[in-house]
Amino acid sequence: MEQIKYIIVAMFMATGIITEAQNKSKNPFGLVYGDAIKENRKGKVNIHPVSYKLNGIDIAANVYTPVDYDSSKKYPAVVVAHPNGGIKEQTAGLYAQRLAEAGYITIAADAAYQGASGGTPRHTDRPQFRTEDVRGMADFISSYSGVDANKVGALGICGGGGYTLKAAQSDKRLKAIATLSMFNSGEVRRNGFQNSQINTIQERLKQASDARAQEAAGGKIKLSGLASVTDEEIAKTPTDLYREGFVYYYRTHAHPNSTFLYTTSSLMDLMTWDATDQIELIDQPLLMIAGSKADTKYMTDEAFPKAINAKNKELFVIEGATHIETYWKPEYVEEAVGKLTNFFGENLK
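The shown structure was predicted, so the numbers you read here are calculated from the model rather than taken from an experiment.

**Focus: the overall build of the chain**
Each helix and strand counted, the chain has 13 helices and 10 strands in total. Along the first, second and third principal axes, the C-alpha set of the chain runs to 55 × 50 × 40 Å. The burial tally for the chain puts 58% of its 349 residues in the buried class. Accessible surface, the chain: about 14400 Å² in total, of which carbon and sulfur atoms supply 50%.

**Some words on the nonpolar core**
Ile-141, Leu-155 and Phe-344 are the most contacted members of the largest nonpolar core, which has 87 residues in total. At seven residues, helix H13 (residues 330–347) tops the list of elements feeding residues into this core. Apart from the residues lying within four places of it in its own chain, the contact partners of Phe-344 are Val-78, Leu-99, Tyr-104, Gly-153, Ala-154, Leu-155, Ala-176 and Ala-178. If you look at the next biggest cluster of nonpolar residues, it comprises nine residues, including Tyr-163, Ile-201, Tyr-262 and Trp-273.

**Some thoughts on the pattern of salt bridges**
Pairing is possible between side chains that carry opposite charge, provided their charged atoms lie close to one another. Following the criterion strictly, the structure yields 21 salt bridges and no others. Arg-41 is paired through a salt bridge with Glu-39; the nearest N and O atoms lie 3.9 Å apart. For Glu-334, the salt bridge identified is with Arg-98, shortest N-O distance 2.9 Å. Of this pair, Glu-334 sits in helix H13 while Arg-98 sits in helix H3 (residues 91–101), placing them 236 residues apart in sequence. For Glu-334, a relative accessible area of 44% translates into the label partly exposed. The network of salt bridges with shared partners includes Lys-88, Glu-89 and Asp-110.

**Thoughts on the sheet that holds strand E3 (residues 75–81)**
A sheet is described by the order of its strands in space; here eight strands give the open sequence E1-E2-E4-E3-E5-E6-E9-E10, paired in mixed fashion. Each of the sheet's edge strands pairs with one partner strand only, and the pair in question is strand E1 (46–54) and strand E10 (311–318). Strand-to-strand twist across the sheet, computed as the mean angle between neighbouring axes with direction ignored, equals 20°. Two elements, E3 and strand E5 (residues 147–157), share six bridges in a ladder whose sense is parallel. Within the sheet, the bridge partner assigned to Val-80 lies in E5 and is Leu-155. Of the strands in this sheet, E1, strand E2 (57–65), E3, strand E4 (105–109), E5 and strand E6 (174–180) touch helix H4 (residues 127–142), which is tilted by about 115° from E1.

**Some words on the pairing of E5**
The element E5 is extensively covered by neighbouring structure, given that eight of its 11 residues are classed as buried. In the sheet, E5 pairs with E6 via six bridges, with the strands oriented parallel. The residue of E6 that forms the bridge with Ala-154 is Ile-177.

**Quick word on the packing of aromatic side chains**
Here the structure, examined in full by the defined rule, presents 16 aromatic pairs. For the ring pair Tyr-104 and Phe-344, a centre distance of 6.2 Å and an interplane angle of 65° mean the geometry is edge-to-face. Placement of Tyr-104 in the loop between H3 and E4 and of Phe-344 in helix H13 is noted, with a sequence separation of 240 residues between them. By relative accessible area, which is 5% here, Tyr-104 ends up buried. Judged by relative accessible area, Phe-344 falls into the buried class, the value being 0%. Between Tyr-113 and Phe-129 the ring centres are 5.0 Å apart and the planes differ by 20°, which places this aromatic pair in the stacked class. Highlighted residues: Tyr-113 in the loop between E4 and H4 and Phe-129 in helix H4, separated in sequence by 16 residues. With relative accessibility at 13%, the residue Tyr-113 sits in the buried group. Within the aromatic cluster, the residues linked to one another by ring pairs are Phe-193, Tyr-242, Phe-246, Tyr-248, Tyr-249, Tyr-250, Phe-260, Tyr-298 and Tyr-327. The ring of Phe-304 carries the charged tip of Lys-313 above its face, separated from the ring centre by 4.4 Å.

Criteria and cut-off values
- Residues numbered from 1 in each chain as written.
- Predicted model: local features only at pLDDT ≥ 70, side-chain atom pairs only at ≥ 80, totals over all residues.
- Heavy atoms only, no water.
- Helix = DSSP H or I, 4+ residues; strand = E, 2+ residues; numbered from the N terminus.
- Buried < 20%, exposed > 50% of the residue type's maximum accessible area, 1.4 Å probe, protein only.
- Areas by Shrake-Rupley, 256 points an atom, 1.4 Å probe, with all protein chains shown as cover.
- Core = buried A, V, L, I, M, F, W, Y, C linked by side-chain atoms within 4.5 Å.
- Contact = heavy atoms within 4.5 Å.
- Salt bridge = Lys/Arg side-chain N within 4 Å of Asp/Glu carboxyl O.
- Pairing = 2+ DSSP bridges.
- Axes fitted to C-alpha atoms, helices over the stretch in contact; angles between N-to-C directions.
- Phe/Tyr/Trp six-rings, centres within 6.5 Å; stacked < 30°, edge-to-face > 60°.
- Lys NZ or Arg CZ within 6 Å of the ring centre and 35° of its normal.

Structure, rendered in structure tokens:
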């Protein structure tokens, strides 16, 4: 077992990320990403934990303000939607911090029913709620001191990318749209990852329907996904997305609020939803970023050409990067942030 564990985490050791994750309790803001803010200081990017109501649910979020932030001035802003299973303290926070370093006011919020946000049943993962989370961040940040409400952009990571595409179809307050390692949650829940479960769609819809019936009758909430995973199970996982994802979420960037669990009944909505449905309604500038080695890249490749009305649209490929590596690996994060900074700089004028 020790040999397996060494193989799984060896590539992270040089970055110091494991130490950061294992000592997350020492970070006063609960952040588990590398180079995370540990204290607010003058002349530096600062972090501000906030909360607000969204459709009656308490939402927990972090706002990042740029160096020498002055509330009497006006700044462009970016909302950052986290991956499936993720929370604001992980990669969403990393990108929010890095964009704040580039001069933006940013916000990363936990999805309703997940993380530190309210809502029951816990782990509910319905696409209409996740889309509303993006709009809710736009609601809040648009009235935040110093934000120019006419210069608000959006970045969605993984599943948050799919939901950001959906939000952008109708929410024209979002002036520039970017995705990183976009994951079309509806397509994957319906067809399986890499279309591996097409033959069991009806069976799984029946399971979701039965789970809802059980909930409606006052029974136990049925959950899908994994609450934990062993080192052996990680090592045997064949796809990069899930193998590296297990390492990221359960080892190197573990956080008690982050989980792969979701209510089985959520599949009734997820399996009938698609991030690309009516994507032609997006007429804002669009940037989609994916790693060349990401086994999820096919979802970005499918979505990009369908966004026929997007302005100045661009598909940017990070050579050598897998899906999960875009979450944390310094050189890939640096490349993505550089591209995002230029994109938002050009389109949030």
